[in-house]
Each structure stands twice: as C-alpha cells, then as structure tokens.
Amino acid sequence: MIKVDRNKSYDEVDTAKDVLKREKEKLRRSYNQPEVLEALKLIFNRKCYICENKKITSYNIEHLRPHKDQNMDLKFDWDNLFLVCGHCNNIKSYRYENILDCTEVDVDELIAFRKEGNFAWDEHIEIKSIVNSTEVDETVDLLKKVYNGTTAMKKMEAVNIKKELRNEIVKFMNVINEYWDAEGEDKEDAKYLILRELKPSSAFAAFKRWIIRDNREILSEFLEEDSIKIKL
Ligand SMILES: [Zn+2]
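Residues numbered from 1 in each chain as written. Predicted model: local features only at pLDDT ≥ 70, side-chain atom pairs only at ≥ 80, totals over all residues. Heavy atoms only, no water.

S.K.: What should I look at first to understand the side chain of Lys162 in this one?
M.R.: On the secondary structure map, Lys162 appears in helix H6 (residues 152–181). One buried charge, Lys162, has no salt-bridge partner; the nearest side chain with opposite charge is Glu123, at 6.5 Å. Once residues within four sequence positions are removed from consideration, Lys162 is found in contact with Ile125, Tyr147 and Asn148. (Helix = DSSP H or I, 4+ residues; strand = E, 2+ residues; numbered from the N terminus. Buried < 20%, exposed > 50% of the residue type's maximum accessible area, 1.4 Å probe, protein only. Lys, Arg positive; Asp, Glu negative; His and termini not counted. Salt bridge = Lys/Arg side-chain N within 4 Å of Asp/Glu carboxyl O. Contact = heavy atoms within 4.5 Å.)

Below is the structure:
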C-alpha cells in the first residue's frame, strides 16, 4: 500500500462526481457506474490500492469506510471510493473500519513491506508496523491476510499475487544490479529506471521502496530524491 494522489485533475473525475451525485438522488441507485470505474482507474494507476498488484482480473469499487448499506453519504462519496481487486475487496469487506487512508498518508513510512526468502526457500511476506497506532495495526492485519490468504481459496489467490510480486522484485533487483555495475551515461539510465519503479504507479512500489531503505548504505542517493521523497 502506497500513497496515491487523489487530487490529480482529470475530466473523468469530474464526470464521475456528477454521476455519483445524480445516482444518489435516484430511488434505484448504484455507485457502480462505468464512469466511476474509469476515473478510479486513472487515480489509482490501474492498481489495487491494498495489494498493489496491477495484473488484476476483476476490478471492484471499494468503500474505504464501510457504508453497511445504511450510510448513503459514505456510499456515494467520491473520496470514499477506492479501486481494489476482487481478492482484497472480499477479505476487507465491511470488517475494517479504521485502516489507513492511502490518499492521505504515506503508508510505506508507517509500515515496512518485505518479501523474504525465495520460492521454496522459506519465501514469506513480512508486514511490520513501525509506529504504534490502531489504524496502522488494523492495516497490517488486513495486509497480512491479503498476502497470505485466509481460506483455502484465498490462499490460492494469494499465491498468484505473490508470484506477481516475485516477478516484480526480480525485475527491480536486475535494474539495481545494472545501476551498481554501470558508469557514466549507463548509470544515469539505470537510475531513471529505478526511479520509475519507485513511483506510486509502479506495481508493489511499497516493497521496492523498502529494498532501497534496507540497502541504504549503497543506494542512499534514492533516499534523497525529491521526486519520490523516500524517508527513513
Ligand atoms: Zn488486491
């Protein structure tokens, strides 16, 4: 989970807000409209805001604060609508009331994201809170369930997410190796590629940022980049 800029201006967002306003007034109303989904895809970079997977087969519109089919303000509020994959939406459901709002806070500065081991060699996901707060604890709990699965079916879905995560990390490590070996112009090119991988639009960016943090002695220049603002 990584901070997403919700204030980017797109015509599609204005259209989505108008559609939501109109729908809210109707007797048979639904927030699940194509215009809303299109605008959310733009804001969330076609990425599930919870697991950060971009290879999504089923997009869902999720409510950050559960509406429980009672609170129409929450149900039709544009700022409460988030883009998720079916797997994460199903696990979160109405159960989490107080998770961090990734459009407000830098989640990767409050929670550490690591993939340890490899394949059969004790591969596991480590999600750790680095500050004390109920919101952070609740978010960590949700993320652990998402990456490890809950039921037998959810565990299978989590394996697919972890496979994508593994691919992305391998790709990222290759660029880091390239950067480490290169000189001059080649190094600048590799640096550009690393910065692109650290952007909010990149798949599993929180994990990639933590690789930089965990290797701060040799990759310190990326912690100082204003464009990505990685803080320790
Ligand atoms: Zn997801």
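On we go from here.
S.K.: I'm lost on the packing of helix H1 (residues 11–25) against helix H2 (residues 34–43) in this one. Help?
M.R.: To describe two helices that pack against each other, one gives the angle between their axes and the distance between the axes. Interhelical geometry of H1 versus H2 gives an angle of 140° and a closest axis separation of 8 Å. Between H1 and H2, the angle is such that the two are oblique. In this structure, H1 crosses over H2, and the sense of that crossing is left-handed. Touching Glu12, Val13, Thr15, Ala16, Val19 and Leu20 of H1 are Glu35, Val36, Ala39, Leu42 and Ile43, all from H2. When grouped by side-chain class, the residues that make up the contact of H1 with H2 number eight nonpolar, one polar and two charged. (Axes fitted to C-alpha atoms, helices over the stretch in contact; angles between N-to-C directions. Parallel < 35°, antiparallel > 145°, perpendicular 65-115°, else oblique. Left-handed = near helix turned anticlockwise from the far one by under 90°. Nonpolar A, V, L, I, M, F, W, Y, C, P; charged D, E, K, R; others polar.)

S.K.: It is not clear to me how the packing of H6 against helix H7 (residues 184–198) should be interpreted in this structure. Could you clarify?
M.R.: At their nearest, the axes of H6 and H7 sit 8 Å apart, and the two run at 150° to each other. Comparing their axes, H7 and H6 come out roughly antiparallel. The crossing of H6 and H7 is left-handed. Residue-level inspection shows Glu168, Lys171, Phe172, Val175, Ile176, Glu178, Tyr179 and Trp180 of H6 in contact with H7, the latter providing Lys187, Ala190, Lys191, Leu193, Ile194, Glu197 and Leu198. In terms of residue class, the contact of H6 with H7 is made up of nine nonpolar, no polar and six charged.

S.K.: Looking at this model, I keep getting lost on the domain arrangement of the chain. Mind explaining?
M.R.: Here the domain parsing of the chain yields domain 1 (11–92) and domain 2 (114–222). For domain 1 and domain 2, the distance between their C-alpha centres works out to 26 Å. At the junction of the two partners, domain 1 supplies 14 residues and domain 2 supplies 18 residues. In total, domain 1 and domain 2 occlude about 1,300 Å² of area from one another, counting both sides; carbon and sulfur atoms represent 60% of this. By the criterion of area lost to domain 2, the three top residues of domain 1 are Glu52, His87 and Ile91, representing 42% of everything that side buries. Where domain 1 packs against domain 2, one counts one salt bridge. (Domains from an automatic or database assignment. Buried area = accessible area lost by both parts, 1.4 Å probe.)

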